[in-house]
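Coordinate inspection notes
One-letter residues, chain by chain:
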Amino acid sequence: MQIDLLLLDVDGVLVRYQRAQRVLQLLARVHEVGLVHCDIKPQNVLISWDMSNVKIADFGLVNAAGAEWMDTQVRSTVINQDEEDTLIDDGSGTGSRSRAIMGTFAFMSPEQKKGQPADARSDLYAVGLMVFRMLTGLESPGMKRPSELGLGLNMGWDAWLIKTLEENPADRFTAAA
C-alpha cells in the first residue's frame, strides 16, 4: 500500500507522510512472517528524537498465525495494570483467543471490537486512524472527508483514508506493502 507523494501539499505533511510510510513498511515485514500486531496506536510507534528512525513496539498482543501458545499465554501477557485502555474480555473467563477482545479500543478495527479474529487489515485500519489523526488533529473521521475540513489537505488523502477505514475488512487494503 503506497501513499502517493502527490498528496503532499501543505507544510508538515511530508514529515507525517514519511512516518506513516515507514510504519507501513514495518507492518509489511511483520505481516509477511504471519504476524498481526493487534494493538497499533501512536504509543506503539517509536520515533527517534531526530526523527530519523521509526519503530513499532509492544508486540504483547501479537497474533501469530497458528500459534497455539497464545491460547494459554494471552491472559498472563497482555494485561497491563497501568493502561486501562487495553482490553481483554470475552465474558467466559476462559481466555479464548478466538473470542477475546484485545487491543486499545480507540484504535481497534470494527471486527476487533466485535471480538472477531484480527488480521493484517485490522492493523491497517489502526494505521488509517493514526494517519487521519496526524493529518487533521481530530479523533474520528465522522461524515466529512479530510479535504473538506478546511485544513488544506489534498483530496487524494480522501480515497486512501476511506479505503483504509472501511467498516468491512474485505473492502480495505489487504496488505501494507
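Our structure is the block above this text.
The rules behind these values
Residues numbered from 1 in each chain as written. Predicted model: local features only at pLDDT ≥ 70, side-chain atom pairs only at ≥ 80, totals over all residues. Heavy atoms only, no water. Axes fitted to C-alpha atoms, helices over the stretch in contact; angles between N-to-C directions. Helix = DSSP H or I, 4+ residues; strand = E, 2+ residues; numbered from the N terminus. Left-handed = near helix turned anticlockwise from the far one by under 90°. Contact = heavy atoms within 4.5 Å. Nonpolar A, V, L, I, M, F, W, Y, C, P; charged D, E, K, R; others polar. Phe/Tyr/Trp six-rings, centres within 6.5 Å; stacked < 30°, edge-to-face > 60°. Buried < 20%, exposed > 50% of the residue type's maximum accessible area, 1.4 Å probe, protein only. Lys NZ or Arg CZ within 6 Å of the ring centre and 35° of its normal. Patch = residues over 30% accessible without salt bridge, like charges linked within 9 Å, V, L, I, M, F, W, Y side chains within 5 Å. Areas by Shrake-Rupley, 256 points an atom, 1.4 Å probe, with all protein chains shown as cover. Salt bridge = Lys/Arg side-chain N within 4 Å of Asp/Glu carboxyl O.

1. Comments concerning the packing of helix H4 (residues 120-136) against helix H5 (residues 156-164)
At their nearest, the axes of H4 and H5 sit 8 Å apart, and the two run at 145 degrees to each other. Remark: the crossing between H4 and H5 carries left-handed chirality. The segment H4 lies against H5, with Leu-124, Tyr-125, Gly-128, Val-131, Phe-132 and Leu-135 engaging Trp-157, Trp-160, Leu-161 and Thr-164. Across the contact of H4 with H5, the residue classes tally to 8 nonpolar, 2 polar and no charged.

2. Details of the packing of aromatic side chains
For the coordinates displayed, the defined rule picks out 2 aromatic pairs. Taken together, a centroid distance of 6.3 Å and an interplanar angle of 85 degrees make the contact between Trp-157 and Trp-160 edge-to-face. Of this pair, Trp-157 and Trp-160 both sit in helix H5, 3 residues apart, which is roughly one turn of that helix. Judged by relative accessible area, Trp-157 falls into the buried class, the value being 1%. On the basis of relative accessible area, Trp-160 is assigned to the buried category, the value being 6%. A connected cluster of aromatic rings, assembled from ring pairs, spans Trp-157, Trp-160 and Phe-173. Taking NZ or CZ as reference, Lys-163 lies 5.5 Å from the ring centre of Phe-173, over its face.

3. Examining a nonpolar patch on the surface
Taken together, the side chains of Val-15, Ile-47 and Met-51 make up a nonpolar region of the molecular surface, amounting to roughly 250 Å² of accessible area. Residue placement: Val-15 occurs in helix H1 (residues 13-32).

4. A word on the pattern of salt bridges
Side-chain pairs of opposite charge can arise where the charged atoms are in close proximity. Scanning the model with the defined rule gives 4 salt bridges in all. A salt bridge links Arg-172 to Glu-111, with the nearest nitrogen and oxygen atoms 2.8 Å apart. Here Arg-172 is found in the segment after H5, whereas its partner Glu-111 is found in helix H3 (residues 110-113), with 61 residues between them in sequence. Assessed through its relative accessible area of 3%, Arg-172 is described here as buried.

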